[in-house]
Amino acid sequence: MIRTLVVDDDFRVARIHASRVAKIEGYECVGEAHTAAEAREAVQRLKPDLLLLDVYLPDEDGISLLRSLQGAGEKLDAVMITAARDLETVRAAMRGGAVYYLVKPFGFEQLQTQLEAYRRWRKEAESRTVADQATVDQLFSLRRTAAPAHGPRRLPPTMQKVLDMVVHSTEPLGASEIASSVGISRPTAQRYLSELERKGLIDLHLAYGATGRPVNTYLPRKA
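Residues numbered from 1 in each chain as written. Predicted model: local features only at pLDDT ≥ 70, side-chain atom pairs only at ≥ 80, totals over all residues. Heavy atoms only, no water.

K.L.:
Mind showing me how you'd approach the packing of helix H7 (residues 157–168) against helix H9 (residues 186–198) here?
P.N.:
The relative placement of two packed helices comes down to the angle between their axes together with the axis-to-axis distance. Running from N to C, H7 and H9 point in directions that differ by 75°, and their axes come no closer than 10 Å. Taken together, the axes of H7 and H9 are roughly perpendicular relative to one another. In contact with Thr158, Met159, Val162, Leu163 and Val166 of H7, H9 contributes Tyr192, Leu193, Glu195 and Leu196. (Axes fitted to C-alpha atoms, helices over the stretch in contact; angles between N-to-C directions. Helix = DSSP H or I, 4+ residues; strand = E, 2+ residues; numbered from the N terminus. Parallel < 35°, antiparallel > 145°, perpendicular 65-115°, else oblique. Contact = heavy atoms within 4.5 Å.)

K.L.:
I would appreciate a short explanation of the sheet that holds strand E3 (residues 50–53) in the present structure.
P.N.:
Either a parallel or an antiparallel arrangement is found when strands of a sheet pair, and the pairing is made through backbone hydrogen bonds. Read across the open sheet, the five strands follow the order E2-E1-E3-E4-E5; overall the sheet is parallel. Since the sheet does not close on itself, it has two edges, and those belong to strand E2 (27–33) and strand E5 (100–103), each with one partner. For this sheet the average axis-to-axis angle between neighbouring strands, irrespective of direction, equals 20°. Note: E3 against strand E4 (residues 77–82), four bridges, orientation parallel. The partner of leucine 50 across the bridge, within E4, is aspartate 77. Contacting strand E1 (2–7), E2 and E3, helix H2 (residues 36–46) runs over the sheet at an angle of about 165° to E1. The strands touched by helix H3 (residues 62–71) within the sheet are E3 and E4, with E3 carrying the most contacts at an inclination of about 165°. (Pairing = 2+ DSSP bridges.)

Here it is in structure tokens:
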């Protein structure tokens, strides 16, 4: 379980975020804090893995808080949750170590999508001790999962065929197998697979052989 601490100066909003986190598989909301001072105490006491962290706190801004916690050796990440829309604040949050930035107000689906992306990234990162470039690219791609559009959107017919093949396969599939079965070129198949992975509909799996570079293959998205 990913232990999550919600930090928001609005008691009502913090409670809403906490209840949403509790509904997402793989997550446990371990507490709420409403000031930077409360957050520091809670981090020491509860040892969370992730903060849902507001920028605007009454005694210190959230970005400064995150930097100081990480600078003090706390091994935690943060998803910023804030009404701040100016680009400089977004850039400051990225420089400060935030793994994502959600602009209030946001819905449950947006939060769920990003936390599921973070969970996949964390799982993959913790499973490796050495990273080559392909592994680094995979880890960064797992953090770039976009929030869903307003309501479900129909995929183009060929992309849907590619998705159906991956979902119903009993083993990971690569672009070559997809291209042969669907009747498209390998580069086109790879573009579809990359886009489906970016959308969070399938998962990338690196297949390592005895020698040579790993091959990108794809699996159904893990629940």
